[in-house]
Amino acid sequence: MANDSKTWRCGKYELSFDRPRIMGVLNVTPDSFSDGGEHFDPDAAIEYGLAILDAGADIIDVGGESTRPGFTPVNPDEEARRVLPVVRALAKEGAIVSIDTRHVAVAKAAVRCGASIVNDVTGFTDPKMVEFVKTSACGVIVMHAGEVAAPARTHATVQLDTSAAAFVAEKAREAAAEAAREAEKPARRRRGKLLGESKVETKLPGGVVQPSLPFGESEPTPEPVAESETPATEQAAPAAVAPEAVPAATEVAPEPSDHLAAMMRRSARREEAYVPTSQLRRFTLPDSAPIMRRVMGFLSDQARALIHAGVSRDRICIDPGPGFGKTANEDIVIQRETAKMASLGYPLMCAVSRKRFVGAVSGVTDAAARDAATFGVCLGAIQAGANIVRVHDVAGFAQFLNGYWAVAKPQPRRAFVAVGSNLGHRCDNIRAARDMIAEIPLTCVSNSSKIYKSEPAYETRQDAFANAVIEIKTELAPLVLLDELMKIEAELGRDRSKKAKANGPRTIDLDLLWMDGETHGGKKLRLPHPLIGERDFVLVPLEDLMHDPARFFRYNGVEVKEPEDRVGHIVGELGRM
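Definitions and limits used
- Residues numbered from 1 in each chain as written.
- Predicted model: local features only at pLDDT ≥ 70, side-chain atom pairs only at ≥ 80, totals over all residues.
- Heavy atoms only, no water.
- Helix = DSSP H or I, 4+ residues; strand = E, 2+ residues; numbered from the N terminus.
- Buried < 20%, exposed > 50% of the residue type's maximum accessible area, 1.4 Å probe, protein only.
- Areas by Shrake-Rupley, 256 points an atom, 1.4 Å probe, with all protein chains shown as cover.
- Expected span 1.5 Å × (residues − 1).
- Contact = heavy atoms within 4.5 Å.
- Right-handed = clockwise from strand over helix to strand, strands pointing away.
- Pairing = 2+ DSSP bridges.
- Axes fitted to C-alpha atoms, helices over the stretch in contact; angles between N-to-C directions.
- Parallel < 35°, antiparallel > 145°, perpendicular 65-115°, else oblique.
- Left-handed = near helix turned anticlockwise from the far one by under 90°.
- Nonpolar A, V, L, I, M, F, W, Y, C, P; charged D, E, K, R; others polar.

S.K.: Tell me about the overall build of the protein, and please be specific about residues and values.
M.R.: A count of helices and strands for the protein gives 16 helices and 16 strands. Sorting the 577 residues of the protein into buried and exposed places 47% on the buried side. Total accessible area computed for the protein in this model is approximately 28700 Å², and 53% of it derives from carbon and sulfur atoms.

So this is what it looks like as structure tokens:
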């Protein structure tokens, strides 16, 4: 299951998997298979990226080249022009940004602009890409792209009966035949002498006499066919194969020179040419063993190659690459073996959103209408051990996952909420907020600091504040918890309209400071709170709840200022909660 001990280091961020992580898809392309052109304008892409962060995405995967079947390759300069403004803007808002590219020049530029992850659809088969990532601190996603069907082998159709009765019957037939031959030898010798016939025996190569087979007429023994073994490191860039059979009047388009484009075009033709028929297969799906040997062999080989090159193991994530060179049947086989892939020990991605095989199993032709089926496939993957789910509909999947996780996975986590007030009865407002926080579903108050008096911060021409910090345990997702805190603010009279000053007087102010295992960026919520390290009116109350909060937050990547450099200094105590 997803709540395991794996962690994924991505630059300055560290993702834990006590719950599944959501990667939102942001295609800055005119031709992606389900949302092509919707976010091609950089400003529209940035706005959409911030929106899906606020909807629940933990990671934003930004791509500037469509890799759908039949795609047209994009040169690195054009790809960089599309994605770099978007990467820079989202990283500035604290987002964990993944750059979806196979071009090392684009990866380098994106990481310089703030990307924390390189998602390479060719699985780091380019030595230049390996050379780059080993010198950086970014996370890496190794994806398998390539055909997984085993080489065809010619063989004669033979139906074997291996039962004990058949074995006994065969031995009896052999004994009877031997007795008949012995009885016939004198007569055959006499006939040979009379007719002058030479002795003739049917033998197999090597001098072995061919037995009479109890399977009807024997068929010619086929010539042995050598099965070629493809090195795992070459599977992401497969060699060209013979084109599919087409009617004589149809003109076959030339294969693109780009290996990935050629492979995706072949994959689309295989899918279109496939006609299900019970006469061709005895089983509903192909054998999983050869498919998984190729997929898992490639992923583990490439991960080890990265480790040997100097990439830390905890920076590596793996992705079986659904849809990349695979038929619907093969994709289903791979998804059913999620637990085996998770056992490799790396964070595992499920990137099935709106793919062709999802449409095949759900009967939905329109790619953009496959979200509900996508959620079902993702749930199966999560239950089998997938850690990261890459989806287009972030808001819908976050709602789906929050509902499932609340029921299926009891998981209380520690969090801290800062409380402040400088209008009305300040201490009573803080106590009322604490009592209302305790009534939030799946949440309890486990501890509270004393109430302190502090100087106003940022907007200094106002009355002094009363401040405290409340420690809670909650099973809610961070954005869901934040919405509950905003409801409490509104009920206690907080004015958040545009006419109110951002840091002006307020009856109550609730800030989610930190939550165990959570890192988040965006306009709506930043975790850890980006200003926690400069606020004396937060750090001093936290000393009532933990030892050395400055050290704690520095360890978690937060810059903490010295007391004399902070804002909103504590000037006294106002009592206990």
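S.K.: Summarise helix α11 (residues 371–384); cite the residues concerned and give the values.
M.R.: The terminal C-alpha atoms of α11 lie 20 Å apart, and with 14 residues this matches the ideal 20 Å at 1.5 Å per residue to within 8%. Listed as buried for α11 are D371, T374, F375, V377, C378, A381 and I382. Contacts from the buried residues of α11 go to α8 (328–336), α9 (338–342), β9 (349–350), α10 (356–362), β10 (388–391) and α12 (394–408). G385 lies just past α11 and shows a positive phi near 125 degrees.

S.K.: So what about the pairing of strand β7 (residues 139–143)? Which residues, and what values?
M.R.: Along any regular strand, the residues point their side chains to alternate faces of the sheet. Within β7, five of the five residues are buried, which leaves it mostly tucked inside the rest of the structure. Neither face of β7 is left uncovered, since the one carrying G139, I141 and M143 and the one carrying V140 and V142 both have all their residues buried. Where the polypeptide runs from strand β6 (residues 117–120) across helix α4 (residues 127–134) and back to β7, its parallel neighbour, the crossover connection is right-handed. With four bridges joining them, β7 and strand β8 (residues 316–319) adopt parallel strand pairing. Bridging across to β8, M143 finds its partner in D319.

S.K.: Before we move on, could you go through the packing of helix α13 (residues 426–437) against helix α14 (residues 478–491) and cite the residues and values that matter?
M.R.: How two helices pack is summed up by the angle between their axes together with the distance between the axes. Relative to each other, α13 and α14 sit at 140 degrees, their axes nearing to 10 Å. As far as their axial angle goes, α14 and α13 are oblique. Here α13 runs over α14; the crossing is right-handed. On the side of α13, the interface is formed by A433, M436 and I437, while α14 contributes L485, I488 and E491. When grouped by side-chain class, the residues that make up the contact of α13 with α14 number five nonpolar, no polar and one charged.

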